[in-house]
Amino acid sequence: MSTLTVVRKGGVRNSGVRDNGIRSRGAALGLLAWLSGIVFFLPIAWMALTSFHSEEDAATNPPSFAAALTLDGYRDFFGAGGGASPWPALINSAMASVVSTLCVLLLALPAAYALSIRPVKKWTDVLFFFLSTKMLPAVAGLLPIYLFAKNTGLLDNIWLLVVLYTSMNLPIAVWMMQSFLAEVPVAIIEAAQIDGARLPTVLARVVAPIAAPGIAATALICFIFSWNELLFARVLTGTVAQTAPVFLTGFITSQGLFLAKVCAASLVISLPVLAAGFAAQDKLVQGLSLGAVK
């Protein structure tokens, strides 16, 4: 009896030590996550604070935390001081990003379906080919695309950017959605087909609702890539199809760097991406973790 009691007490003692170790490790990881979040958030907070300062206060070194707050940077950004209006550039960015993202989803969903639920021959080679297209540096294809746009009269045309963003984001979208659609139960699709559902119906009413978190994550990433793209937009657009990132670079002139105005413009241009990420954060987390736990 005494030996059994000692063994039981020892087991309870070891279990308690193990639980304390797990709690300590979890607390350390939680603290590390908070510190990492604060480190990533600090530049955004600093940019937001600087945008509410005057140009004189924003240019001080070291920076002044107690400087008076003003909206002059935002007034200048929106053209109150006689400058160019940012609305055409913001509308162009929204149009290019939203339309290209929709086109990517319409093309990537059937392709991912064929590569996951109804796999084609050598589907791994197909996926590697899609991924290999992202290995080419963007600047390597800039000159041919520029010459093509010039000869076809598509320079400074927003629809050229839509086509480019669609082709640039399609490979990564197919790669992501293939892994998401691989988690869709095949039995549900076969039951819908037995009931007479054709492929468009299966994709729209069966596959898409089940893989909605993954589709939302893919759409958000494609939207962010399109919204932030600068190289092609800078070279291929002028005034008509100018996007928001290109408009932002116009604040860096030979007269100097207007820091408060640049911070205000950066914050305004970042808001659509931040809003989209905040609105779809639950779907984004579900989509990026889809299939991670069996």
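See the structure above.
The shown structure was predicted, so the numbers you read here are calculated from the model rather than taken from an experiment.

Participant: What exactly am I supposed to notice about the overall build of the protein chain here?
Facilitator: Scanning the protein chain from terminus to terminus reveals 14 helices and 2 strands. Taking all 294 residues of the protein chain together, the buried fraction comes to 32%. Sequence separation of 24 or more characterises 76% of the internal contacts of the protein chain that already satisfy a separation of 6 or more. When the accessible surface of the protein chain is summed, it comes to about 17,500 Å², and 70% of that surface belongs to carbon and sulfur atoms.

Participant: What is the right way to read the packing of aromatic side chains from this model?
Facilitator: To describe a pair of aromatic rings, one takes the distance between the centres and the angle between the planes. On inspection of all chains with the given rule, the structure shows 5 aromatic pairs. Pairing F77 with F247 gives two aromatic rings, centres 6.0 Å apart and planes at 70°, and the pair type is edge-to-face. Remark: F247 occurs in helix α12 (residues 244-249) and F77 occurs in helix α3 (residues 72-77); sequence separation between them is 170 residues. Summarising the burial analysis for this pair, F77 and F247 share the class buried. With centroids separated by 5.6 Å and ring planes inclined at 35°, the aromatic side chains of F78 and W87 adopt a geometry described as tilted. In this structure F78 comes out as partly exposed when scored by relative accessible area, which is 34%. One aromatic cluster in this structure is built from F77, F78, W87 and F247.

Participant: I tried to follow unusual backbone geometry on my own but got confused; where do I start?
Facilitator: Non-glycine residue D156 carries a positive phi angle of around 60°. Looking at the element boundaries, D156 is found in the loop between α6 (142-152) and α7 (158-181). We classify D156 as partly exposed; its relative accessible area is 22%.

Participant: Honestly, the nonpolar core in this entry has me stumped. Any pointers?
Facilitator: Burial of nonpolar side chains together is a common tendency in soluble globular proteins. Of all hydrophobic cores here, the largest spans 27 residues; its most connected members are Y113, L181, I189 and V207. Of all elements in the fold, only α4 (87-116), α7, α8 (186-194), α9 (199-210) and α10 (212-228) reach the threshold of two or more residues within this core. Ranked by residue count, the leading element in this core is α4, at 7 residues. Sequence-distant contacts of L181, that is, excluding residues within four places in its chain, are made with L109, A112, Y113, S116, I117, V207 and A211. Listed in part, the 18 residues of the second largest apolar core include Y74, L90, A264 and V273.

Definitions and limits used
Residues numbered from 1 in each chain as written. Predicted model: local features only at pLDDT ≥ 70, side-chain atom pairs only at ≥ 80, totals over all residues. Heavy atoms only, no water. Helix = DSSP H or I, 4+ residues; strand = E, 2+ residues; numbered from the N terminus. Buried < 20%, exposed > 50% of the residue type's maximum accessible area, 1.4 Å probe, protein only. Contact = heavy atoms within 4.5 Å. Areas by Shrake-Rupley, 256 points an atom, 1.4 Å probe, with all protein chains shown as cover. Phe/Tyr/Trp six-rings, centres within 6.5 Å; stacked < 30°, edge-to-face > 60°. Core = buried A, V, L, I, M, F, W, Y, C linked by side-chain atoms within 4.5 Å.

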